[in-house]
There are 2 protein chains.
Amino acid sequence: MAVIAADLGGTKLATALFDAEGGLQHKATAPIGGRKGRAVGDLIRRECTGLLRAATKKGQRVKAIGIGVPGICRMEEGTVWAPNIPGWDRYPLLEDLAASFGGEIPVSIESDRSCYIMGEIWKGSASGCRNAVFLAVGTGIGAGIVMDGRLLRGAQDIGGAVGWLALSRPFNPEFARCGCFEYQAAGDGIARMAREQMAAEKGYAGLLSPKKIRAEDVFRAYESRDPIACRVLQDCIELWGMAAANLISIFNPEAIVFGGGVFGPAGQFMEAIRKEAGKWAQPIAFKNVRIEASTLGGDAALYGAAFAALDHISGN
Amino acid sequence: MAVIAADLGGTKLATALFDAEGGLQHKATAPIGGRKGRAVGDLIRRECTGLLRAATKKGQRVKAIGIGVPGICRMEEGTVWAPNIPGWDRYPLLEDLAASFGGEIPVSIESDRSCYIMGEIWKGSASGCRNAVFLAVGTGIGAGIVMDGRLLRGAQDIGGAVGWLALSRPFNPEFARCGCFEYQAAGDGIARMAREQMAAEKGYAGLLSPKKIRAEDVFRAYESRDPIACRVLQDCIELWGMAAANLISIFNPEAIVFGGGVFGPAGQFMEAIRKEAGKWAQPIAFKNVRIEASTLGGDAALYGAAFAALDHISGN
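Small disclaimer: the values here were computed from a predicted structure and weren't measured.

Chemist: Help me get a handle on helix H5 (residues 187–200) of chain A, residues and values and all.
Modeler: Look at H5 of chain A: 20 Å from first C-alpha to last across 14 residues, which is about the 20 Å you get at 1.5 Å a residue. Listed in full, the buried residues belonging to H5 of chain A are Gly187, Gly189, Ile190, Ala191, Arg192, Met193, Ala194 and Met198 of chain A.

Chemist: Break down unusual backbone geometry for me, with residues and values.
Modeler: A cis amide bond links Arg169 of chain A to the next residue, Pro170 of chain A, at an omega of -5 degrees. Among the structural elements, Pro170 of chain A can be located in the loop between strand S10 (150–151) and helix H4 (180–185). Following Phe263 of chain B, the chain continues into Gly264 of chain B via a peptide bond in cis, with omega recorded as -25 degrees. Tracing the chain through its elements places Gly264 of chain B in the loop between strand S11 (255–259) and helix H8 (270–280). Even without a glycine there, the phi angle at Asp148 of chain A is positive, about 50 degrees. Here Asp148 of chain A lies in the loop between strand S9 (141–147) and S10. Given a relative accessible area of 40%, Asp148 of chain A falls into the partly exposed group. In this model, Asp157 of chain A sits at a positive phi of 60 degrees, which is unusual for a non-glycine residue. With respect to the element layout, Asp157 of chain A can be found in the loop between S10 and H4.

Chemist: Can you explain the interface of chain B and chain A? Please cite residues and give values.
Modeler: Listed per partner, the contact involves 47 residues of chain B and 47 residues of chain A. Summed over both sides, the interface of chain B with chain A buries roughly 3900 Å², with 61% coming from carbon and sulfur. Considering only the surface of chain B that becomes buried against chain A, Arg169, Ile250 and Trp280 of chain B emerge as the three largest contributors, covering 21% of it. Taken together, the connections running from chain B to chain A amount to 23 residue pairs in polar contact (both at pLDDT 80 or more). Among the elements of the structure, strand S9 (141–147), helix H4 (180–185), helix H7 (227–251), H8 and helix H9 (283–287) of chain B are those that each provide at least two residues to the side of chain B that touches chain A. For the side of chain B that touches chain A, the element with the highest residue contribution is H7 of chain B, accounting for nine residues.

Chemist: Describe the sheet that holds strand S10 (residues 150–151) of chain B, listing the residues and the values that go with them.
Modeler: All names here are of chain B. With respect to topology, five strands assemble into an open sheet ordered S10-S9-S8-S11-S12, the strand pairing being mixed. Edge positions in the sheet fall to S10 and strand S12 (290–293), since each has one partner strand and no second. Lying on the sheet, H8 is in contact with S11 and S12; it crosses S12 at an angle near 150 degrees.

Chemist: Break down the confidence of the model for chain A for me, with residues and values.
Modeler: Across chain A, the average pLDDT comes to 95, with 100% of residues at or above 70. Model confidence for the complex is summarised by a pTM of 0.97, with the ipTM given as 0.97.

Chemist: Account for the packing of helix H7 (residues 227–251) of chain A against helix H8 (residues 270–280) of chain A, with residues named and values stated.
Modeler: All names here are of chain A. Running from N to C, H7 and H8 point in directions that differ by 55 degrees, and their axes come no closer than 7 Å. Our classification of the angle between H7 and H8 gives oblique. Taken as a pair, H7 and H8 cross one another with a handedness that is right-handed. Taken together, the residues of H8 that come into contact with H7 (itself represented by Ile237, Glu238, Trp240, Gly241, Met242, Ala244 and Ala245) are Ala272, Ile273, Glu276, Ala277 and Trp280. A class-by-class count of the residues in the contact of H7 with H8 yields nine nonpolar, one polar and two charged.

Chemist: Could you give an account of helix H3 (residues 112–123) of chain B, with specific residues and numbers?
Modeler: An ideal rise of 1.5 Å per residue puts 16 Å on 12 residues; H3 of chain B measures up with 16 Å between its terminal C-alpha atoms. Turning to H3 of chain B, its buried residues number three or more, namely Asp112, Arg113, Ser114, Cys115, Ile117, Met118, Gly119, Glu120, Ile121 and Trp122 of chain B.

Chemist: With reference to specific residues and values, describe the pattern of salt bridges.
Modeler: All names here are of chain A. All chains considered together, the criterion is met by 38 salt bridges over all chains. Taking the shortest distance from any N to any O, the salt bridge between Lys279 and Glu276 comes out at 3.3 Å. Of the two residues, Lys279 and Glu276 are both situated in helix H8; the distance of three residues between them amounts to about one turn of the helix. Sharing partners across several salt bridges, the network here consists of Arg38, Asp42, Arg45 and Asp96.

Chemist: Explain the side chain of Asp226 of chain A residue by residue, including any values.
Modeler: Residue and element names in this part refer to chain A. Considering the arrangement of structural elements, one finds Asp226 in the loop between helix H6 (215–223) and H7. Despite its burial, Asp226 pairs with no opposite charge; the closest candidate is Arg231, at 7.4 Å N-O. Only 2.9 Å separates the side chain of Asp226 from the backbone nitrogen of Ala229, close enough to count as a polar contact. Residue contacts for Asp226: discarding those within four places in its chain leaves Tyr204, Gly206, Leu207, Leu208 and Ala221.

Chemist: Explain the nonpolar core residue by residue, including any values.
Modeler: If you look at the biggest cluster of nonpolar residues, it comprises 129 residues, and the most contacted ones within it are Trp240 and Phe251 of chain A together with Trp240 and Phe251 of chain B. Not counting residues within four places of it along the chain, the set of residues in contact with Phe251 of chain A comprises Val133, Ile145, Met147 and Leu152 of chain A together with Leu152, Gly154, Ala155, Gly159, Ile250 and Phe251 of chain B.

Chemist: Lay out the relation of the copies chain B and chain A with the relevant residues and their values.
Modeler: Between chain B and chain A, the superposition needs a rotation of 180 degrees and an axial shift of 0.0 Å, giving an RMSD of 0.0 Å. Within this description, the copies of the chain are treated as partners about a two-fold rotation axis. A shared binding surface is used by both copies, with 100% of the interface residues of chain B retained as interface residues in chain A.

Chemist: Explain the sheet that holds strand S1 (residues 2–8) of chain B to me, and be specific about the residues and the numbers.
Modeler: Residue and element names in this part refer to chain B. Ordered by their spatial adjacency, five strands build an open sheet running S3-S2-S1-S4-S7, and the pairing between neighbours is mixed. Looking at strand neighbours, the two that pair on one side only are strand S3 (24–31) and strand S7 (107–111), the edges of this open sheet. The mean angle between the axes of side-by-side strands here comes to 15 degrees, regardless of whether they run parallel or antiparallel. The pairing of strand S2 (residues 12–19) with S3 spans seven bridges and is antiparallel. For Phe18, the partnering residue across the bridge sits in S3 and is Leu24. Along the sheet, helix H10 (residues 300–313) makes contact with S1, S2, S3, strand S4 (62–69) and S7, crossing S1 at roughly 135 degrees.

Rules of the game
- Residues numbered from 1 in each chain as written.
- Chains lettered and ligands numbered in written order.
- Predicted model: local features only at pLDDT ≥ 70, side-chain atom pairs only at ≥ 80, totals over all residues.
- Heavy atoms only, no water.
- Helix = DSSP H or I, 4+ residues; strand = E, 2+ residues; numbered from the N terminus.
- Expected span 1.5 Å × (residues − 1).
- Buried < 20%, exposed > 50% of the residue type's maximum accessible area, 1.4 Å probe, protein only.
- Contact = heavy atoms within 4.5 Å.
- Buried area = accessible area lost by both parts, 1.4 Å probe.
- Polar contact = N/O pair within 3.5 Å; in protein donor to acceptor, adjacent residues only side chain to side chain.
- Pairing = 2+ DSSP bridges.
- Axes fitted to C-alpha atoms, helices over the stretch in contact; angles between N-to-C directions.
- pLDDT = per-residue confidence, 0-100.
- Parallel < 35°, antiparallel > 145°, perpendicular 65-115°, else oblique.
- Left-handed = near helix turned anticlockwise from the far one by under 90°.
- Nonpolar A, V, L, I, M, F, W, Y, C, P; charged D, E, K, R; others polar.
- Salt bridge = Lys/Arg side-chain N within 4 Å of Asp/Glu carboxyl O.
- Lys, Arg positive; Asp, Glu negative; His and termini not counted.
- Core = buried A, V, L, I, M, F, W, Y, C linked by side-chain atoms within 4.5 Å.
- Least-squares fit on C-alpha atoms with pLDDT ≥ 70 in both.

Spelled out as structure tokens, the structure:
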């Protein structure tokens, strides 16, 4: 028995075949290229069909398909809102795929952030937890949250929008773009904060070039102890710690897992983030939580989508 | 058919008889006085027994008893930690009451904050919601949280400790006492902030007396537009709004209900709090939430305990 998992990102689609025990047997990626709307749905169908045929040839029975999408899944409708995929405002992905795979292979769809935490609980840093949060820090910031063994979705399926956490006063009207926490401490935020500090510091003669700063440039400059890079990342450590603390005080979880593109390079700061979180969080909840970097890294969503597929056919 | 509800506070015990439709038929209160440890358990038993006898005399069959306690309920053990009741560190309340009421009348125990939100969902400001948060602002701050129809408890049953929310930098070591949010915006926090501002403002000649300031003094001085009272409460409005915003962005709930002793007098600020929350929260989640003051007020925990009792015997 096997399941197919797909992880749709902003630029590429990863698909994989998993056995029932969670072994990743085969993985493939395809670029999204300039595809829009239905063409992205077609790409998912094509890649899944390819994996399905290959599995069938080897005598493996694919029992379910799970898809992780970069946005919000409206569970009741089976539609997807994905801000980085043109035309996916209310895209009927579930209907689309159900038409292709018939009633034979059930398809489940989840947001990427839900997939991350399910993956880490199944096979990663939050292994076996019933209460855990995945804090995804990439271009933006979001969280996948499992409480008492169940995904937190919210009334409009947009729960976990932690990029909007209010963490520092006074309010800056720029926060209205993407949220206070994301504005300062997501990948784009790291670059933005460095640019702002460079503009403010006239005599700066460090490693960062004002032309085009991305988060990776700030991490690189940090390695050489560039003062602006140090200050910006120190600030981020405080904000990441405060956000972790807030999730710990609210949820009293067993694990907080940091992942996404920024963790990655920010993985080196886990001890500093733990220390910062310990200053702010409810002390008993803090004593009982582990704060870890993702162990599944870029495969977390694939594992989570596979788990969702298995969970779906087991009737949960 | 009827149920008995009890709401144990820091200074008094309220008990009530409810019919199955949620009608409050009879209510009584008893002072805790100097009672400690087992004597408080005895008081609960005595009051419930009294209500039970009175109901039986009138021909009403009491089917369940629900108790709300001012602290943490360890659900697996049936023990209670209540910081304001001496000797209730791990008090075996469930065992205690089960021994009194035999197997005949099932007893359920919940934390007061869980009772608040269940009460408001059953008969108050969050009526009919499947996703809602009660933000209790009294001497301290805590939240009762229901997600997808289920109480959020956390791994050690201490979820909802939102008094510890990190909302403003830099970290002040004083926050370690009770949490950043509670330190500044609970009842005690309001008094503390006013004292701090008076100490800092040498020429202050307003209405507040430095000797003994309580939250109610600050609210009274606010009515006469005392400048320190205005500043302190303006600050609280910002913090209450930020906390509501964080709960909205994380949970995407249908309702946030403000209650506890401070709401009360702070109920006049609901519109200002809504406006503040709207600045910080995820915009779609904010558009879909209502932010209300408690309608059940001091009876919220009684209603919630009655609901928990009914829920318990219905097998949920």
